[in-house]
Amino acid sequence: RSCKLNNNAGGEEVKLPSSQRSIAARLTWMNFLVSSIVLMLVYLSFLAYNLYSFRESAIESLSSEAQIVGANSGSAITFDDPSSAQTTLSALSHSTDVVAAAIFTQGGARFAQYPAAGTIVLEPKPLTDAQTLEHWANGADILIASRIVLQGKPIGTVYLKAHLQGMRKRALRYSAIASAILVLCLCVAMLVGSVFRQILAQPIVAFAQTARLVSRYRDYSLRFTPSQSYDELASLTEAFNEMLSEIQHRDKALELAKADLELRVE
């Protein structure tokens, strides 16, 4: 990495020391940090949205199942046939999320339950007269209550309890895919940042090196010519070179005045 310093004798090739290249590294890491923060915020936003969508979808699906069970259990409650209601509840075995279900009569008596062995005790929650469908969420557990109505009159309530294991699996799968995409995007951002630092940082570093050489050797004939140019750098370069020209002109005027004074003294 080098820049051309033009003087009266021609071009001089100057190597930039590694300590003068820190601005490029800082720009790269700044770009990487900004990209990381933005991508992380996007990742967390999409993850939260998907978890919310999975949960709402699961609640809607469980509510539909509870309403179907209630519609198919109305005649069983009317004719006091617990075995028929038990058969209806057994159809919930195809659902991997449902862990327990129960049908209660309007008086609060347990009419049928799933699983039939009753290994999981399902405690019902009361519904108000205006409620026909309600759910309660507690962490990953959801309890769905659907009132059983026959000929316009409530005759019982269906309760479904689910653990939402499918939602957790989908969330983990989505997190793994999104994490892989996040890492890929960060690698691309790092690569793009390293390319852009050559365009943005290198002319600034070369400009600083020119100023350092002018200050060190007091050689005001040096001029800075950037390898890449854009509006801000072009304005800065023009002002810097004009300043060097003015200083060089005054320096020559001082030398001539000094020589003239020495002649007069002699």
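The shown structure was predicted, so the numbers you read here are calculated from the model rather than taken from an experiment.

1. Observations regarding the overall build of the chain
Here is step 1: Looking only at helices and strands, the chain has four helices and eight strands in total.
Here is step 2: Starting at the N terminus and ending at the C terminus, the chain contains elements arranged as β-β-α-α-β-β-β-β-β-α-β-α.
Here is step 3: Every one of the 266 residues in the chain was classed for burial, and the buried ones make up 34%.
Here is step 4: Counting contacts in the chain only where the partners sit at least 6 residues apart, residues at least 24 apart contribute 59% of the total.
Here is step 5: Working note: accessible area of the chain is about 16400 Å², and carbon and sulfur atoms make up 60% of it.

2. Let's talk about the pairing of strand β7 (residues 153-162)
Here is step 1: For β7, the buried fraction is high: seven of the 10 residues fall into the buried class.
Here is step 2: In this structure, strand β6 (residues 141-150) lies alongside β7, joined through nine bridges in antiparallel fashion. Bridged to Val149 within β7 is Pro154.

3. What about the pairing of strand β4 (residues 110-114)?
Here is step 1: Of the pairings in the sheet, the one linking strand β3 (residues 98-105) to β4 comprises four bridges and is antiparallel in character. By the bridge assignment for β4, Ala101 is matched with Tyr114.
Here is step 2: Between β3 and β4, which pair antiparallel one after the other, the connecting turn spans four residues, and Gly108 there sits at a positive phi close to 100°.

4. Regarding the pattern of salt bridges
Here is step 1: Tallied over the full model, the rule gives three salt bridges.
Here is step 2: Here Arg55 and Glu56 are joined by a salt bridge, their closest N and O atoms 3.3 Å apart.
Here is step 3: A relative accessible area of 27% means that Arg55 is categorised as partly exposed.
Here is step 4: Between Asp260 and Arg264 there is a salt bridge whose closest N-O contact spans 3.2 Å. Taken together, the residues span about one helical turn, with Asp260 and Arg264 both in helix α4 (residues 231-265) at a distance of four residues.
Here is step 5: Judged by its relative accessible area of 67%, Arg264 is exposed.

5. A short note on the sheet that holds β3
Here is step 1: A sheet is described by the order of its strands in space; here five strands give the open sequence β4-β3-β7-β6-β5, paired in antiparallel fashion. Bordering the open sheet on either side are β4 and β5 (133-138), each of which pairs with just one other strand. Direction aside, the axes of adjacent strands within the sheet are offset by 15° on average.
Here is step 2: In terms of strand pairing, β5 meets β6 through six bridges, oriented antiparallel. When the sheet's bridge partners are listed, Asn138 is paired in β6 with Asp141.
Here is step 3: Relative to β4, helix α2 (residues 82-90) is tilted by about 30°, and along the sheet it contacts β3 and β4.

6. Points about the environment of Phe54
Here is step 1: Considering the arrangement of structural elements, one finds Phe54 in helix α1 (residues 22-78).
Here is step 2: The exposure class of Phe54 is buried, given its relative accessible area of 18%.
Here is step 3: It is 8.9 Å that separates the C-alpha atoms of Phe54 and Arg168, two residues lying 114 residues apart in sequence.

Basis of the calculations
Residues numbered from 1 in each chain as written. Predicted model: local features only at pLDDT ≥ 70, side-chain atom pairs only at ≥ 80, totals over all residues. Heavy atoms only, no water. Helix = DSSP H or I, 4+ residues; strand = E, 2+ residues; numbered from the N terminus. Buried < 20%, exposed > 50% of the residue type's maximum accessible area, 1.4 Å probe, protein only. Contact = heavy atoms within 4.5 Å. Areas by Shrake-Rupley, 256 points an atom, 1.4 Å probe, with all protein chains shown as cover. Pairing = 2+ DSSP bridges. Salt bridge = Lys/Arg side-chain N within 4 Å of Asp/Glu carboxyl O. Axes fitted to C-alpha atoms, helices over the stretch in contact; angles between N-to-C directions.

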